[in-house]
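Here are the chains, one letter per residue:
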Amino acid sequence: MEHTGWFKDRVFYQIWPRSFYDGDNDGMGDLWGVLQKLDYIKSLGCDGIWFSPLYPSPGVDCGYDVADYMDIDPRFGGMEAFEKVLEEAHKRDMKVIMDLVVNHTSDQHPWFQLSRLKVDPYTDYYIWRPAGKNGKLPNNWDSLFEGKAWQYDELRGEYYLHLFSVGQPDLNMDNPRVREEVKKILRFWLEKGVDGFREDVITFISKVEGLPNDLLPAAKGLRKFNHGPHIHEYLSEFQRDVLSRYDCVTLAESPVITPRMALRYIEEGPEQEIDMMIQFETAAADCFLVEYLPLPFSLRRLKAAFSRWQKILSGRGWNMLYLENHDHPRVISRYGSEEYRVESGKALAAAYLFQQGTPFVYQGQEIGMLNWHPRDPEEYEDVQTLWHYRNRFTFLGKKLRLRLLWRASRDSARTPLQWSGEKNAGFTKAEKPWFTVNDNYREINAEKEERDPDSVLNFYRKAIALRKSLKAVRYGNYREYDRLSGRRYVYSREFEGERLLVICSFSKKEQRFRAPRGFSPGSAELLLQNYPDAPEGRLRPYECRVYRWER
Ligand code: NOJ
């Protein structure tokens, strides 16, 4: 089937179902809740939805541990609710994509239970190894969430590999039967009418043969399973046998990847395996690779990452643009300023929404939600967070470790969406929501944002509408100015004589600003801004402006 590239003109909204909106009042978000909020999502200008996993799951990793790929968790409303949401979304011309989690399953998945018992054909569905000499682990890889990457299973008398939590055994993708299962899953959802997939840590599915030790233990084994030897073969197989037969989109998550490496997957042409890559470089401007290794925020690093992806992919592959998702703390708290929440929330929006690519907005980002600061570490839900707290940097005092979690934990962005100033932020009518509501909900909530024409929410609406109306955003050249400035991000987009200039301050201080050569604000049209006026020659804290002029 022809691949029409429809995703290039859309803006996606990411729903992390548990915390979005509770429609049946049991305390947890669900699809009945989504149904009630479809018009809200559409009102942002978003015409696509990515659902984080909705499948039945024990919930060790909030749904990223799948126990049944062909169903919807009853807590989210089951298949009935999903079909209704899909139908209603399509009526509104909104596309729907699912999370495809096939690097691993839940340990409760029947395949795993049968594999433990060595029942064929499931015996080799997972990566099993006997214990080494003197009870040594099969290799030195670390799990990314909990200790070592191996867990001993009494029933089978062997170790299984789990790159994530103990409850998430890795599938053996080298087994052709497992790949057939993946294709069945893809077909099942595509036949149901979904429009594509976000593929969870998909670049981890092919492990180096023999599972050798990683000679650099700090790398946790990553070099032995990220972009492994058969990755392109397997992704091409999925593409050839299933995906190419539908006009669907694919989005691959790759925790460690450069734009040049990404082109091996997403370069447009007959060999293309994936449409867009979820990279982590733009999510690491205040840390070393992961948030648990914090560094001061560096605008220069952020800009360099933005520009690298814009330039290297230009004309060859398509960018996926994002500032937040369920794996990272809130962006205003990281790259902006809580003190200048509204101004910096808007500047951040302008910084990414006018780049080339398909933008994704994560629930709550559009109303400028901030990080959550629990007093007690046991309030956290996330398996990675809790493990980190209990096992890492234990020589530091409790207070310091808690502060690190405030900055680093994924739970910082997983609290229920703040719909109103009512009890539980209007998220649920149940007595107790499944997870703590951020206590700033009376100041920050969708209802309040809705009423204020100058809110972050209304800025997102304007910015998204604007980006859709400008050809230069979809097709234009990208150029960065003031590259060395650590206080502002300035870029232009140009297409057939139409030129856009985006200026964003990332500073709490007022700064002097000289427009790039060839640009005169006097003769340009100011399309979007986050202050009531636009004096020449200076920028106020977190001021942003988008200009257009004809050449
Ligand atoms: C990446 C997902 O985004 C994250 O939430 C999850 O914990 C891991 N993959 C494991 O599935």
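Look above for the structure.
A quick note: this is a predicted structure, and the numbers were derived from the prediction, not measured.

Asks: Is there a simple way to explain the pairing of strand β11 (residues 290-294) in this structure?
Replies: As a general feature of sheets, a regular strand has side chains that alternate between the two faces. Where strand β10 (residues 287-288) lies against β11, two bridges are found, and the strand directions are antiparallel. Paired with Cys 287 across the two strands is Pro 294, which belongs to β11. Between β10 and β11, which pair antiparallel one after the other, the connecting turn spans one residue, and Leu 289 there sits at a positive phi close to 65°.

Asks: In this structure, what is going on with the pairing of strand β6 (residues 158-161)? I would like to understand it.
Replies: A two-sided burial pattern is seen for β6, the buried positions comprising Glu 158 and Tyr 160 on one face and Tyr 159 and Leu 161 on the other. As paired strands, strand β4 (residues 128-129) and β6 are joined by two bridges and run antiparallel to one another. Along β6, the bridge assignment pairs Arg 129 with Tyr 159. Taken together, the four bridges between strand β5 (residues 150-153) and β6 define a ladder with antiparallel strand orientation. Within β6, the position partnered with Asp 153 by the bridge is Glu 158. Between β5 and β6, which pair antiparallel in sequence order, lie four residues; one of them, Gly 157, sits at a positive phi of approximately 70°.

Asks: Any chance you could explain the site of the ligand here in plain terms?
Replies: Close contacts around the ligand come from 14 residues, with Asp 61, Asp 200, His 326, Asp 327 and Arg 410 the closest. His 104 places a polar side-chain atom, nitrogen or oxygen, 2.9 Å from an oxygen atom of the ligand. Protein chains bury 98% of the 290 Å² of accessible surface belonging to the ligand in isolation. Broken down by class, the residue content of the shell around the ligand amounts to four nonpolar, three polar and seven charged.

Asks: Just checking my understanding: could you explain the side chain of Ser 307 for this structure?
Replies: Mapped onto the elements, Ser 307 comes out in helix α8 (residues 299-313). Contacts of Ser 307, omitting those with residues within four sequence positions, involve Tyr 478 and Glu 480.

Asks: How should the nonpolar core be read in this particular structure?
Replies: Buried together is how nonpolar side chains tend to be arranged in soluble globular proteins. Formed by 149 residues in total, the largest nonpolar core has its most connected members in Leu 31, Phe 51, Phe 82, Trp 189 and Phe 354. Sequence-distant contacts of Leu 31, defined by excluding residues within four places in its chain, comprise Phe 51, Leu 54, Ile 72, Phe 76, Gly 78, Ala 81, Phe 82 and Val 85.

Asks: Would you mind showing me how to read the pattern of salt bridges here?
Replies: Two side chains of opposite charge can pair, provided their charged atoms sit close to one another. This structure, assessed with the given rule, holds 51 salt bridges. Across the pair Arg 223 and Asp 214 runs a salt bridge, and its minimum N-O distance is 2.3 Å. By relative accessible area, Asp 214 is classed as buried at 1%. With a shortest N-O distance of 2.7 Å, Asp 482 and Arg 488 are connected by a salt bridge. Using a relative accessible area of 29% as the deciding quantity, one classes Asp 482 as partly exposed.

Asks: Whenever I open this one, a nonpolar patch on the surface confuses me. Can you help?
Replies: Where nonpolar side chains cluster on the molecular surface, the patch consists of Phe 288, Leu 289, Val 290, Leu 293 and Leu 295 and spans about 440 Å² of accessible area. Locating Phe 288 in the fold gives a position in strand β10.

Each value, and the rule that gives it
Residues numbered from 1 in each chain as written. Predicted model: local features only at pLDDT ≥ 70, side-chain atom pairs only at ≥ 80, totals over all residues. Heavy atoms only, no water. Pairing = 2+ DSSP bridges. Helix = DSSP H or I, 4+ residues; strand = E, 2+ residues; numbered from the N terminus. Buried < 20%, exposed > 50% of the residue type's maximum accessible area, 1.4 Å probe, protein only. Near = heavy atom within 4 Å. Polar contact = N/O pair within 3.5 Å; in protein donor to acceptor, adjacent residues only side chain to side chain. Areas by Shrake-Rupley, 256 points an atom, 1.4 Å probe, with all protein chains shown as cover. Nonpolar A, V, L, I, M, F, W, Y, C, P; charged D, E, K, R; others polar. Contact = heavy atoms within 4.5 Å. Core = buried A, V, L, I, M, F, W, Y, C linked by side-chain atoms within 4.5 Å. Salt bridge = Lys/Arg side-chain N within 4 Å of Asp/Glu carboxyl O. Patch = residues over 30% accessible without salt bridge, like charges linked within 9 Å, V, L, I, M, F, W, Y side chains within 5 Å.

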